[in-house]
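# Commentary on secondary and tertiary structure
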Amino acid sequence: SIAVQSLIHILAEQQLSIKEMLAVMKLKDRENFMANYLNPAMKEGFVVMLYPSNPKHPRQKYLLTAKGLAVYNSK
């Protein structure tokens, strides 16, 4: 989806927290962001958590997988 592609684009060169991704993408609605951007990207295997065993880690960030990078590099 376009939402997932835009997320892949902003995570291409950096690891970001949810708050940072919302800021970069100029989005306000966290629930909408999770439902339409982050969760689908993670479900499809493009994005992973920096601390997967601790989803509520205070310094949790999200980064692209090799699969996500491949999608980014194919653009």
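Above this note sits the structure.
Residues numbered from 1 in each chain as written. Predicted model: local features only at pLDDT ≥ 70, side-chain atom pairs only at ≥ 80, totals over all residues. Heavy atoms only, no water.

### Digging into the side chain of His57
- Within the element layout of this structure, His57 appears in the loop between strand E1 (47-49) and strand E2 (62-64).
- A polar contact is formed between the side chain of His57 and the backbone nitrogen of Arg59, at a distance of 2.9 Å. (Helix = DSSP H or I, 4+ residues; strand = E, 2+ residues; numbered from the N terminus. Polar contact = N/O pair within 3.5 Å; in protein donor to acceptor, adjacent residues only side chain to side chain.)

### As for the pattern of salt bridges
- Within this structure, the stated rule accounts for one salt bridge.
- Residues Lys61 and Glu20 are paired through a salt bridge, measuring 3.0 Å at the closest nitrogen-oxygen approach. In this pair, Lys61 sits in the loop between E1 and E2 while Glu20 sits in helix H2 (residues 18-24), placing the two residues 41 residues apart along the sequence.
- By relative accessible area, which is 31% here, Glu20 ends up partly exposed. (Salt bridge = Lys/Arg side-chain N within 4 Å of Asp/Glu carboxyl O. Buried < 20%, exposed > 50% of the residue type's maximum accessible area, 1.4 Å probe, protein only.)

### Concerning the environment of Pro58
- One can find Pro58 in the loop between E1 and E2.
- Overall, Pro58 belongs to the exposed group, its relative accessible area being 74%.
- Through-space distance from the C-alpha of Pro58 to that of Ser74 is 33 Å; in sequence the pair is 16 residues apart.

### Brief notes about the nonpolar core
- By size, the foremost hydrophobic cluster in this structure holds 21 residues, and its most contacted members are Leu7, Leu11, Met21, Phe33, Leu38, Val47 and Tyr62.
- Of all elements in the fold, only helix H1 (2-10), H2, helix H3 (30-43), E1 and E2 reach the threshold of two or more residues within this core.
- Among the elements that make up this core, the one with the highest residue count is H1 (five residues).
- Setting aside chain neighbours within four positions, we find Met21 in contact with Leu7, Ile10, Leu11, Leu16, Phe33, Leu38 and Tyr62. (Core = buried A, V, L, I, M, F, W, Y, C linked by side-chain atoms within 4.5 Å. Contact = heavy atoms within 4.5 Å.)

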